[in-house]
Amino acid sequence: MNYSKSYLKSEIVKNLGTLRVKPETASNEKYYKAVSMVVNKLLENKSKHFKAHNASTGRKQVSYLSMEFLMGRSLKTNLHNLMLTEDIREILKEFDVNLSDIYECEPDAGLGNGGLGRLAACYLDGLATRGYNSYGYSILYEFGIFKQKIIDGWQTELPDNWLPGGEVWLNPQPELAVDVHFGGHIDEFWDNGYHYSSHKNYSVVKAVPYDMYVSGYNSTGVSVLRLWKAESPAFDMESFNRGDYTGALGQSISAEAISKILYPNDNHTQGKMLRLRQQYFLCAASIADITNRHMRDYGTLDNFAEKNAIHINDTHPTLAIPELMRILLDECGYGWDQAWKIVRETFAYTNHTVMKEALEIWNEDIFKEILPRIYQIVAEINRRFVEEMNMCFGWDQMRIERMAILSNHQVRMANLCVYATHTVNGVSRLHSEIIKDDVFNDFYKMTPDKFTNVTNGIAYRRWLSQSNPALTSLLKETIGDGFIEDASELAKFKKFAADSAVQKKLEQAKQTAKQALADYMLKKQKISMNVDSIFDVQVKRMHEYKRQHLNALNIITDYLYLLDNPDAPFVPKTYIFGAKAAPGYYMAKQIIKLLCCLSEEIARNSQISDKLSVVYIEDYSVTLSELIMPASEISEQISLAGTEASGTGNMKFMLNGAITLGTLDGANVEIHDIVGDDNMIVFGMTAEEVVQRKEIGYSPIEIYNSNPTIRRAIDLMLSGINGQTFEDIANSLKFNDPYMVLADFDSYRKAQNKVSELYLDRKKWNEMSAINIAGAGYFSADRAIEDYAQKIWKLN
Ligand SMILES: *Cc1c(COP(=O)(O)O)cnc(C)c1O
């Protein structure tokens, strides 16, 4: 589809009219809305064509279910993918309006917490670009991930009221609304030898879909993200007439709460009833939508699995499994075995973590009360599963207990997922091995072929051609522009890695991006940054397993060293952090305060502050990541080996030429494979060594007692930094240290010293940087989607 500039211009003017403003006097805000309305309309059109094509060819549809889609902004990426950026820039210039100012008017669609939600968003881009027939399904949270405000060094949370600016991208589809049933009870009866059950006295929540379109790059494909909004059904006249006022009113109050707000926990579950309601709401609405569409197209569900792949992003949408069973059994009259076969051939599941606190387990009584019919189906799945296992290894009741779906008055979502799906994948090579060897080992032994790996990927254009214009120009000059469509072409840049003219330009591109970040920080947080220091960056959710406190411990050590040796040679470094903590995560909030106190105390010492500084960027988000990645020189990926399933931040950094300073964890392992020892700085225990170390018994206090450097750094936390003491962090490190910070400290500090040494040889440094950029092609979401399409969804 080709749209002329004059057409686009007249459409923008028309939409300004709809907004009741004149082009001459319209604010940037109005221009943002008008341009977005035009782009949204183009996408709607493109999507219609694409869906018509899909329907006419009877292609399989992928439905990607996820409680989170961390979309960020839409205007810039859609213009880029539609190749309209320059046209729109020129049109706006005619009105004396600056396109980049318009971008700033858009709020982030923050419908997710971190990596898991961003992955889902990246996959919509990959699916569209690869031209697959796809829907993402999630919830239209009225409030997304909170806005973080740092007040006096402490995180405070403000509501994220994104809809006023974000809803231009939402396309309501009221005719596709469906009802979702909660609570009530099940009446069972026999008639003529047949068993029937009927759900009585349930309450109804109306699910109304709002579609967001995501264009593929240089492709006819468009992904639809269908977001469900919870509404109370038409007023409950019956209860009202019965005189049941509270019943009539109460239903509407609880209904709307369901899509009110995103739970702000990352890698941690909170067994709240509202969360379970959210999960079932997403699953029931989405399964109704998928089956309704299938019935419209084919008039039967017999071929459902042949035409549909449903993907479950972590266990959060597990209830889609029993919900499809319910539809097949109760609404379509299938027998159990036939229904179960369809279900198993339809679903696949991605595991995202091996940490216990993130494993979803629901209390059986709560589950039964909120979802009585779903509970019955899960119980029957479990009964048959246990019976099956008793036949295979009845002698091993312990194993059966571990694998059961219902046990100990709990519903174990991961076990249901693994049992009911045809494929289970981890998100990096190491992580996929760990799930086979550890969390799902019993299942792996029973069905080894079910397990596979798809290493994560990112919508790399967002962090390269859309965010780093200087680097993009250099790449175009050297390797042509094929890399924008095909990330594997980045490999061509490797032969320029040692070219000193190219290196000079690469260094300049980095300097430009560092300056842009420094400008932002000065304007936004009144903090000035030394752009000639190394930008060493750790941005991600705040979590003990990610070990921001290991980074802090090294900074304290640097600081103490400079206090002792103010005139010693020292390569200037700026340690940059950005991270939100879950509001109820005490230790994470303490670590934020620690970093802020360090920042202030060091800044007050003018002898040191030009060599060492700590910067805390408030409210880390997708949009901020687009500013930060191009400016980064060191990518801190320092989780305890075996805890970070993949990471995707690591990929964004590498793509922008930052050197990874990391453990052999998650996809750092693949990064290391690609660039080798010379181009990544590896430190710390391997995952295997971590296991061994735990087996022999890990005693952090012994390290504290025997290592004066560590002791001094921890003691400073106890005596106070910027007037604040940190007993809880210090004691956790000394006496518990669940993520083995002290065990990896020496190795980390050596690695940090190596960074400083390497940076002195800028030629070498720039070469390393170029090799990283050249190696980043593998981490494209286009590649990851192709892996899913072939290995798991069996498309084409
Ligand atoms: C990419 C991204 C993440 C994931 O970062 P990790 O370092 O992989 O944990 C989290 N939040 C935002 C805003 C991101 O863009």
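As named in an unreviewed UniProt entry, the protein chain is Alpha-1,4 glucan phosphorylase, taken from [Clostridium] methylpentosum DSM 5476. We quote the UniProt Cofactor (unreviewed entry) comment for the protein chain here in full: "pyridoxal 5'-phosphate". Check the Catalytic activity (unreviewed entry) section of the UniProt entry for the protein chain; it says "[(1->4)-alpha-D-glucosyl](n) + phosphate = [(1->4)-alpha-D-glucosyl](n-1) + alpha-D-glucose 1-phosphate".

Colleague: Just give me the short version of the overall build of the protein chain, but keep the residues and values in it.
Modeller: Each helix and strand in the protein chain was counted, giving 34 helices and 25 strands. Computed over C-alpha atoms, the radius of gyration of the protein chain comes to 27 Å, within 12% of the 28 Å expected from 2.2 N^0.38 for 796 residues, which places it in the range of a compact globule. The burial tally for the protein chain puts 61% of its 796 residues in the buried class. The long-range share in the protein chain, meaning contacts at least 24 apart out of those at least 6 apart in sequence, stands at 76%. Accessible area of the protein chain: about 30,900 Å², with a carbon and sulfur share of 50%.

Colleague: An account of the sheet that holds strand S16 (residues 406–407) is requested, with residue identities and associated values reported.
Modeller: Each strand in a sheet pairs with another by means of backbone hydrogen bonds, the pair being arranged parallel or else antiparallel. In space, the three strands of this open sheet follow the order S15-S17-S16, with antiparallel pairing throughout. The outermost strands of the open sheet, each flanked by one partner alone, are strand S15 (361–363) and S16. Direction of pairing for S16 relative to strand S17 (residues 410–412): antiparallel, over a ladder of two bridges. The residue bridging Ser 407 from the neighbouring strand is Gln 410, located in S17. Lying on the sheet, helix H17 (residues 413–420) is in contact with S15 and S17; it crosses S17 at an angle near 40°.

Colleague: Hey, could you go over the UniProt feature "modified residue: N6-(pyridoxal phosphate)lysine" (unreviewed entry) in the protein chain for me, with residue numbers and the actual values?
Modeller: Taken from the UniProt record, the annotation "modified residue: N6-(pyridoxal phosphate)lysine" (unreviewed entry) applies to Lys 652. Take Lys 652: it is sitting in helix H26 (residues 649–655). Excluding residues within four positions of it along the chain, Lys 652 makes contact with Arg 118, Ile 458, Trp 463 and Met 629.

Colleague: Outline the site of the ligand, supporting the account with residue identities and numerical values.
Modeller: Taken together, 13 residues lie around the ligand, and Lys 540, Lys 546, Thr 648, Gly 649 and Lys 652 are the ones closest in. The side chain of Lys 546 places a nitrogen or oxygen atom 2.8 Å from an oxygen atom of the ligand. Backbone polar atom of Thr 648 to an oxygen atom of the ligand: 2.8 Å apart, as the coordinates give it. Mapped onto the shell around the ligand, the elements with two or more residues apiece are helix H25 (622–628) and H26. Its residues assigned to classes, the shell around the ligand comprises three nonpolar, seven polar and three charged.

Colleague: I'd love a proper account of a nonpolar patch on the surface, names of residues and values included.
Modeller: Taken together, Phe 235, Met 237, Phe 240 and Tyr 245 make up a surface patch of nonpolar side chains, about 420 Å² in accessible area. Position of Met 237 relative to the elements: it lies in helix H8 (residues 237–241).

Colleague: Can you explain the sheet that holds strand S25 (residues 681–682)? Please cite residues and give values.
Modeller: In spatial order, the strands read S22-S21-S20-S23-S24-S25; together these six strands make up an open sheet with parallel pairing. Only two strands of the sheet have a single neighbouring strand rather than two, namely strand S22 (612–617) and S25. Across the sheet, helix H23 (residues 548–564) touches strand S20 (534–539), strand S21 (573–578), S22 and strand S23 (634–637), and the angle it forms with S21 is around 150°.

Colleague: Give a description of helix H10 (residues 273–298) that names residues and reports values.
Modeller: Here H10 contains 26 residues, and its C-alpha end-to-end distance of 37 Å stays within 8% of the 38 Å for a straight helix at 1.5 Å per residue. At the C-terminal side of H10, Gly 299 shows a positive phi close to 70°.

Colleague: Mind laying out the pattern of salt bridges, listing which residues take part and the relevant values?
Modeller: Under the defined criterion, the tally for this structure stands at 42 salt bridges. Residue Glu 401 is joined to Arg 412 by a salt bridge in which the shortest nitrogen-to-oxygen separation is 3.5 Å. In this pair, Glu 401 is assigned in helix H16 (residues 397–403) and Arg 412 in strand S17, connecting sequence segments 11 residues apart. Relative accessible area serves as the criterion here: at 35%, Glu 401 is assigned to the partly exposed category. Among the ionic pairs, Glu 633 bridges to Lys 514, the shortest N-O distance being 2.7 Å. Taken as a pair, Glu 633 in the loop between H25 and S23 and Lys 514 in helix H22 (residues 500–525) lie far apart in primary sequence, 119 residues in all. We classify Glu 633 as buried; its relative accessible area is 3%. Look at the salt bridges and you will find they share partners, linking Asp 337, Glu 380, Arg 383, Arg 384 and Glu 387 into a network.

Colleague: Now, about the packing of H10 against helix H12 (residues 320–331): what can you tell me, with residues and values included?
Modeller: Look at H10 against H12: their axes get within 9 Å of each other, and the N-to-C directions meet at 45°. Here H10 lies oblique to H12, going by the angle between them. When you trace H10 past H12, the crossing you get is right-handed. For the pair H10 and H12, the contacting residues are Tyr 280, Cys 283, Ala 284, Ile 287 and Thr 291 in the first and Ala 320, Glu 323, Leu 324, Arg 326 and Ile 327 in the second. A class-by-class count of the residues in the contact of H10 with H12 yields seven nonpolar, one polar and two charged.

Colleague: Describe in detail the nonpolar core, supporting the description with residues and values.
Modeller: Ile 88, Phe 281, Phe 367, Phe 493, Met 717, Leu 742 and Trp 793 are the most contacted members of the largest nonpolar core, which totals 269 residues. In contact with Phe 493, not counting residues within four places along its chain, are Leu 474, Leu 475, Thr 478, Ile 479, Val 502, Ala 770, Ile 773 and Ala 774.

Colleague: Which residues make up the pairing of S20, and what values do they have?
Modeller: Here S20 lies mainly inside the structure; six of its six residues are buried. Side-chain alternation along S20 places Ile 534, Asp 536 and Gln 538 on one buried face and Phe 535, Val 537 and Val 539 on a second face that is also buried. In the sheet, S20 pairs with S21 via six bridges, with the strands oriented parallel. Across the sheet, the residue bridging to Val 537 is Ile 576, located in S21. Taken together, S20, H23 and S21 form a β-α-β motif whose crossover is right-handed. In this sheet, S23 lies alongside S20 in parallel orientation, the contact comprising two bridges. When the sheet's bridge partners are listed, Asp 536 is paired in S23 with Ile 634.

Colleague: Provide a residue-level description of unusual backbone geometry, including the pertinent values.
Modeller: Not every positive phi belongs to a glycine, and Asp 96 is a case in point at roughly 65°. Its location among the elements puts Asp 96 in the loop between helix H4 (85–94) and helix H5 (99–103). Take Asp 96: its relative accessible area is 73%, and that puts it in the exposed class. Positive phi values are uncommon outside glycine, yet Asn 408 reaches one of about 60°. Considering the arrangement of structural elements, one finds Asn 408 in the loop between S16 and S17.

Colleague: Let's hear about the packing of aromatic side chains: which residues, and what values?
Modeller: On inspection of all chains with the given rule, the structure shows 23 aromatic pairs. Grouping aromatic residues by their ring pairs yields a cluster made of Trp 340, Tyr 349, Phe 385, Tyr 419, Phe 440, Phe 443, Tyr 444 and Phe 451. Geometry around Tyr 135 places Arg 293 over its ring, the cationic atom sitting 3.9 Å from the centre. Stacked on the ring of Phe 146, the Lys or Arg Lys 580 has its end atom at 5.7 Å from the ring centre.

Colleague: Go over the side chain of Thr 318, please, and point to the residues and values.
Modeller: Relative to the helices and strands, Thr 318 resides in the loop between strand S13 (308–313) and H12. You can call Thr 318 buried: its relative accessible area is 0%. There is a polar contact of 2.4 Å between the side chain of Thr 318 and the backbone oxygen of Thr 315. The residues contacting Thr 318, other than those within four sequence positions of it, are Ile 312, Met 413, Leu 416 and Cys 417.

Colleague: How would you sum up the environment of Ser 100? Please name residues and give values.
Modeller: With respect to the helices and strands, Ser 100 occurs in helix H5. A relative accessible area of 35% means that Ser 100 is categorised as partly exposed. For the pair Ser 100 and Lys 76, spaced 24 residues apart in sequence, the C-alpha separation works out to 8.8 Å.

Colleague: Account for the packing of H22 against helix H33 (residues 762–775), with residues named and values stated.
Modeller: Where H22 contacts H33, the two axes come as close as 10 Å, and the packing angle between them is 80°. Regarding the angle of H22 to H33, the classification is roughly perpendicular. In this structure, H22 contributes Ser 500, Gln 503, Leu 506 and Glu 507 to the contact, and H33 contributes Arg 762, Lys 763, Asn 766, Glu 767, Ser 769, Ala 770 and Ile 773. Looking at the contact of H22 with H33 residue by residue, the class counts come to three nonpolar, four polar and four charged.

Conventions and cut-offs
- Residues numbered from 1 in each chain as written.
- Predicted model: local features only at pLDDT ≥ 70, side-chain atom pairs only at ≥ 80, totals over all residues.
- Heavy atoms only, no water.
- UniProt positions renumbered as here; feature names shortened; annotations may be inferred.
- Helix = DSSP H or I, 4+ residues; strand = E, 2+ residues; numbered from the N terminus.
- Rg over C-alpha atoms; globule rule 2.2 N^0.38 Å.
- Buried < 20%, exposed > 50% of the residue type's maximum accessible area, 1.4 Å probe, protein only.
- Contact = heavy atoms within 4.5 Å.
- Areas by Shrake-Rupley, 256 points an atom, 1.4 Å probe, with all protein chains shown as cover.
- Pairing = 2+ DSSP bridges.
- Axes fitted to C-alpha atoms, helices over the stretch in contact; angles between N-to-C directions.
- Near = heavy atom within 4 Å.
- Polar contact = N/O pair within 3.5 Å; in protein donor to acceptor, adjacent residues only side chain to side chain.
- Nonpolar A, V, L, I, M, F, W, Y, C, P; charged D, E, K, R; others polar.
- Patch = residues over 30% accessible without salt bridge, like charges linked within 9 Å, V, L, I, M, F, W, Y side chains within 5 Å.
- Salt bridge = Lys/Arg side-chain N within 4 Å of Asp/Glu carboxyl O.
- Expected span 1.5 Å × (residues − 1).
- Parallel < 35°, antiparallel > 145°, perpendicular 65-115°, else oblique.
- Left-handed = near helix turned anticlockwise from the far one by under 90°.
- Core = buried A, V, L, I, M, F, W, Y, C linked by side-chain atoms within 4.5 Å.
- Right-handed = clockwise from strand over helix to strand, strands pointing away.
- Phe/Tyr/Trp six-rings, centres within 6.5 Å; stacked < 30°, edge-to-face > 60°.
- Lys NZ or Arg CZ within 6 Å of the ring centre and 35° of its normal.

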